[in-house]
Amino acid sequence: MATTARAILAGGLVSLNLWDTVAQAYAGFGAPLDADKFEIVPQSEKKTSQSRSHLDYGQARASVVIPQPTQINIALSASSVAAFAMQFQGLVQALTQASGTWTDQAFTVGTHGVWQSLGKRNVSDAGFVVTNTGGTVTYVRGQHYEVNWQRGEIRFLDVAGSPAEAAGIEVTGTYNAVDGKKILGGRVTQVRAQARFDGQNLVNGEVVEADVHECVLGTGTGFDFLSADFTAIELTGEIVTPAGQTEGYEIRFPQRSGE
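Anyway, here's the lowdown on the structure attached to this text. (Residues numbered from 1 in each chain as written. Predicted model: local features only at pLDDT ≥ 70, side-chain atom pairs only at ≥ 80, totals over all residues. Heavy atoms only, no water.)

## A few points about the sheet that holds strand β9 (residues 138-139)
Reading across from one edge, β6-β12-β8-β9 is the order of the 4 strands in this open sheet, with antiparallel pairing throughout. Each edge of the sheet is formed by a strand with only one pairing partner; in this case those strands are β6 (100-108) and β9. Here β6 pairs with strand β12 (residues 168-175) via 7 bridges, running antiparallel. Bridging from a neighbouring strand, T108 pairs with G168 of β12. (Pairing = 2+ DSSP bridges. Helix = DSSP H or I, 4+ residues; strand = E, 2+ residues; numbered from the N terminus.)

## A closer look at a nonpolar patch on the surface
Together, L9, L202 and V203 make up a nonpolar patch on the protein surface, roughly 290 Å² of accessible area in all. Along the polypeptide, L202 turns up in the loop between β14 (191-201) and β15 (206-218). (Patch = residues over 30% accessible without salt bridge, like charges linked within 9 Å, V, L, I, M, F, W, Y side chains within 5 Å. Areas by Shrake-Rupley, 256 points an atom, 1.4 Å probe, with all protein chains shown as cover. Salt bridge = Lys/Arg side-chain N within 4 Å of Asp/Glu carboxyl O.)

## So, unusual backbone geometry
Positive phi, close to 55 degrees, is recorded for Q24, a residue that is not glycine. With phi around 55 degrees, N122 is a residue other than glycine that occupies positive phi space. Looking at the secondary structure, you find N122 in the loop between β7 (116-117) and β8 (129-132).

## A word on the layout of surface pockets
Its volume calculated, the largest pocket comes out at about 560 Å³. For the largest pocket, the lining is made up of 23 residues, of which L18, W19, A85, V92 and V191 are closest to its centre. Sorting the residues of the lining of the largest pocket by element identifies β1 (10-20), α1 (81-87), β5 (91-97) and β14 as the ones contributing at least two each. Among the residues making up the lining of the largest pocket, the classes are represented as 15 nonpolar, 6 polar and 2 charged. By volume, the second largest pocket amounts to about 430 Å³. Taken together, 22 residues line the second largest pocket, and the ones lying closest to its centre are I8, A10, F38, F197 and V208. The leading source of residues in the lining of the second largest pocket is strand β3 (residues 35-50), at 6 residues. Here the lining of the second largest pocket is composed, by residue class, of 13 nonpolar, 3 polar and 6 charged. (1 Å grid on protein atoms, 1.4 Å probe; cavity = no way out; pocket = protein on both sides within 12 Å on 5 of 7 lines; lining within 4 Å. Points joined across faces, edges and corners; volume = space filled by probe spheres on them. Nonpolar A, V, L, I, M, F, W, Y, C, P; charged D, E, K, R; others polar.)

Right, dumping it as structure tokens:
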């Protein structure tokens, strides 16, 4: 039996089970995430009937506290794709590409100084060659053109010896496979999820658990990619009591008994 600690300083991890709007089902709890905040804020409204009698004017003749929807605030420090999708109100889609090669692949030169797509990303610099049509002139990278290898973009410089705008060129090289994710921002204005906290009171090591059966989350804060400090993904919303439940959340102390 755990004894009551004289103070609380909790640490733990947060897990989210997001509602899949396409499948119309919860996707399942993924790996627990590092978080800076998991805050449940019960809300209530007090209504008071005040006397207007000259004998006790202004005194409360009755007072009632009416429960209101419980608020939940979560600040995620982990940079998971699901967390970023919630921050940017977006849908997550696969970002994939098979590896392949170009052999004298025909391209047309765009406006000088302007990036243009090669049609593939994650391009390898090994063996990358750009020539004129026919292969009689080889252009020099860094002198005639520059390449953004990750994005798969090329731009020709307005210098002597560069191919003219709208001229034909040939590219030989390779591009690597891509197996990632992309977020289509602004497609989901709210996130429906289940949330849980698994942690302990660091004062006495007592286990603390919290399960939120359903909540609706949104973000009203920006995400600064160039922040000088660590940036958290801040989510706020309300806890919902779903069908089949009599409460919206549950807090557990599994090591306590008889208290």
